[in-house]
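# Secondary and tertiary structure notes
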Amino acid sequence: MLKHPAEPFRIKMVEPISLQPFELRKQVMIQAGYNLFSLPAKDVYIDLLTDSGTGAMSQAQWASIMEGDESYAGARSFYRLKEVINDIFGFEFFVPTHQGRAAENILSAIMVSNDSYIPSNMHFDTTDANLRARGGRPINLVNDQAFDISARVPFKGNMDIDKLEKWITEIGAEKIPFGCITITNNAGGGQPVSLKNIKEVAAVYRSHKIPFFIDACRYAENCFFIKLREPGYENKTTLEIAREIFSLADGAWMSSKKDAIVNIGGFLAMRDENLYQKVCNELILREGFPTYGGLAGRDLEALATGLYEGLNEDYLDYRLKQTAYFAGKIREIGIPIIEPAGGHAIYLDAGSLLSQIPQNEFPGQALTAALYLEGGIRGVEIGSVMFAHKDQDTGEMVYPKLELVRLALPRRVYTQSHLDYVVDILKEVWEKRDSYRGYRITYAPELLRHFTARFEPL
Ligand SMILES: Cc1ncc(COP(=O)(O)O)c(C=O)c1O
């Protein structure tokens, strides 16, 4: 029988949730134009829309909040966070930001210009958009196996080193203001990157004098995957692994809403003092004074405490086994998912589950709607609603390779019985899969349409 370790915490404060009656779920879906982003959260029973900023803070984090120093300049809380960032990541300079994309915006404003190229394994969509907004071209050089959803390889987030080396030679290092890697690779299913690969990537960048930045959103989950899967690291602590990873980089940014288990926050860190000066100037323009960024002193405290909690190995063992448990149960039903399970989410292959629905009728949208209507569950479509677009030259529609639905797991929030409930609803959806129909878009904006589009069932 599949199970995961009992939660390494007990519940001291509760937030009531309830399953609304079917008739009400139907009504709110009509009002929301069948877009799950438009649903009031109170009408959602199990919310797996994202793992970002949705985690439960610990008693220690709440206690830290009371210690927040709200001074405009030079707050004690800033210096505490500086010490923690230096201890874990080893970067001398850093600024707080209100979340990950603010750090991306600042870095792009300073380093990216027209005709510059920025490689990574896969850029997350906010990184991609921030680079493009400054005239840059994001380039994804993940290994080919990342696109084979059934390939069970341990480090599916790895970058293809040969491709990277060849591509740099073709483009010319002078056009590459910095290179990245995202750990874990969210856009590719939350898949980890090995330390061997990070070392190789760093060596390639270094040999071309290209500064190396890490998108560190889910670095702690990545560290634990390394401990579990990479020979030579089984006896290292996650903290030691993290230190080794970041010693290879010139800088990093983090949406701390993930592995630092805070509801808001992020940072941008670096070694180069000149760059830091420029970053401070940008930060003052956009986010706030360099010792608070876009955050309150109390947020800095919760973040400093949360960074260590995110690295705790009992927590990480439970976290990754919870995801693996959920994946195993879904696999037992027969629903295809991206294999192996990543760190923070399960990606259902809606295209093959609802194979009767063509891509232009949005199988992922149909599956997210079914999950809500059948059981009050909210997931997110990652398919044609999000990515289909008109080709700029031919005017033809271009559809993505995969039609996925992501079920992300908020940290320390849902118990095994919540997940068992989701599995029961997935079983019902599986049994009724032939009865579902597609959707038609009745409204969509030009850009990022998935957030506000409206639909009608066909
Ligand atoms: C890999 C990755 N990078 C960057 C971001 C952006 O962070 P934020 O949502 O805090 O702006 C995210 C958010 O999901 C992410 O997953």
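Our subject is the structure listed above.
Rules of the game
- Residues numbered from 1 in each chain as written.
- Predicted model: local features only at pLDDT ≥ 70, side-chain atom pairs only at ≥ 80, totals over all residues.
- Heavy atoms only, no water.
- Axes fitted to C-alpha atoms, helices over the stretch in contact; angles between N-to-C directions.
- Helix = DSSP H or I, 4+ residues; strand = E, 2+ residues; numbered from the N terminus.
- Parallel < 35°, antiparallel > 145°, perpendicular 65-115°, else oblique.
- Contact = heavy atoms within 4.5 Å.
- Nonpolar A, V, L, I, M, F, W, Y, C, P; charged D, E, K, R; others polar.
- Patch = residues over 30% accessible without salt bridge, like charges linked within 9 Å, V, L, I, M, F, W, Y side chains within 5 Å.
- Areas by Shrake-Rupley, 256 points an atom, 1.4 Å probe, with all protein chains shown as cover.
- Salt bridge = Lys/Arg side-chain N within 4 Å of Asp/Glu carboxyl O.
- Lys, Arg positive; Asp, Glu negative; His and termini not counted.
- Charge placed at Lys NZ, Arg CZ, Asp CG, Glu CD.
- Pairing = 2+ DSSP bridges.
- Near = heavy atom within 4 Å.
- Polar contact = N/O pair within 3.5 Å; in protein donor to acceptor, adjacent residues only side chain to side chain.
- Buried < 20%, exposed > 50% of the residue type's maximum accessible area, 1.4 Å probe, protein only.
- Phe/Tyr/Trp six-rings, centres within 6.5 Å; stacked < 30°, edge-to-face > 60°.
- Lys NZ or Arg CZ within 6 Å of the ring centre and 35° of its normal.

In this section: the packing of helix 6 (residues 161-171) against helix 7 (residues 195-207). It is at 10 Å that the axes of helix 6 and helix 7 come closest, and there the two elements cross at 10°. Looking at the two axes, helix 6 sits roughly parallel to helix 7. Of helix 7, the residues touching helix 6 (which contributes Ile161, Leu164, Glu165 and Ile168) are Asn197, Glu200, Val201, Val204 and Tyr205. Class assignment for the residues of the contact of helix 6 with helix 7 results in 6 nonpolar, 1 polar and 2 charged.

What follows is about a negative patch on the surface. A cluster of acidic residues, Glu92, Asp250, Asp272 and Glu273, forms a negative patch on the protein surface. With respect to the element layout, Glu273 can be found in helix 10 (residues 273-286).

With that settled, consider the sheet that holds strand 6 (residues 212-215). Spatially, 5 strands are ordered 2-8-7-6-5 in an open sheet, and the strand pairing comes out mixed. Both outer strands of the open sheet, strand 2 (93-97) and strand 5 (179-182), are each paired with one neighbouring strand and no more. Taking the axes of each pair of neighbouring strands and ignoring which way they run, one obtains an average angle of 15° across the sheet. Along the sheet face, helix 3 (residues 76-89) touches strand 2, strand 7 (251-255) and strand 8 (266-270) and points at about 120° away from the line of strand 2.

With that settled, the discussion passes to the sheet that holds strand 11 (residues 380-382). Neighbouring strands of a sheet are bound in pairs by backbone hydrogen bonds; such pairs are parallel or else antiparallel. Ordered in space as 9-14-11, the 3 strands form an open sheet in which the pairing is antiparallel. The open sheet has two free edges, formed respectively by strand 9 (345-349) and strand 11, since each of these has just one partner strand. Going across the sheet, the axis of each strand differs from the next one's by a mean of 30°, ignoring polarity. Bridging between strand 11 and strand 14 (residues 404-408) involves 3 bridges; their strand directions are antiparallel. Within strand 14, the residue paired with Val380 across the bridge is Arg406. Against the sheet, helix 12 (residues 313-333) touches strand 9 and strand 14, its axis set at about 20° to strand 9.

Bringing the site of the ligand into the picture now. Near the ligand there are 14 residues, and of these Arg101, Asn186, Asp215, Ser255 and Lys258 occur at the shortest range. Between the ligand and the protein, one listed contact pairs an oxygen atom with a side-chain N or O atom of Asn186 at 2.8 Å. Asp215 is positioned such that a nitrogen or oxygen atom in its side chain is 2.7 Å from a nitrogen atom of the ligand. Notes on the ligand: free accessible area 390 Å², of which the protein chains cover 96%. Broken down by element, the residue count for the shell around the ligand peaks at 3 residues, all from helix 4 (residues 100-111). Looking at the shell around the ligand residue by residue, the classes come out as 2 nonpolar, 6 polar and 6 charged.

For the bond running from Ile183 to Thr184, omega is -15°, close enough to zero to count as cis. Here Thr184 lies in the loop between strand 5 and helix 7. In this chain, Glu339 is followed by Pro340 through a cis amide linkage whose omega measures -15°. Its place among the elements puts Pro340 in the loop between helix 12 and strand 9. With a phi angle near 60°, Lys209 is a residue other than glycine that sits in the positive phi range. Examined against the element boundaries, Lys209 turns out to sit in the loop between helix 7 and strand 6. With a phi angle near 60°, Phe362 is a residue other than glycine that sits in the positive phi range. A relative accessible area of 7% places Phe362 in the buried class.

Moving on, we get to the packing of aromatic side chains. Here the structure, examined in full by the defined rule, presents 20 aromatic pairs. Between the aromatic rings of Phe78 and Phe94, the centroid separation amounts to 5.1 Å while the plane-to-plane angle is 10°, which identifies the pairing as stacked. Taken together, the residues Phe78 in helix 3 and Phe94 in strand 2 connect sequence positions 16 residues apart. The pair formed by Phe78 and Phe94 is uniform in burial state, with each residue classed as buried. Ring centres of Phe93 and Tyr276 lie 4.9 Å apart, and the angle between their planes is 25°; on these two criteria the pair is classed as stacked. Residue Phe93 is located in strand 2, and its partner Tyr276 is located in helix 10; the two are separated by 183 residues in the primary sequence. This pair shows no difference in class: Phe93 is buried, exactly as Tyr276 is. Grouping aromatic residues by their ring pairs yields a cluster made of Phe78, Tyr79, Phe89, Phe91, Phe94, Tyr219, Phe246 and Phe267. The ring of Tyr315 carries Arg412 above its face, with NZ or CZ at 5.9 Å from the centroid. A cation sits over an aromatic face here: Arg433 above Trp430, 3.7 Å from the ring centre.

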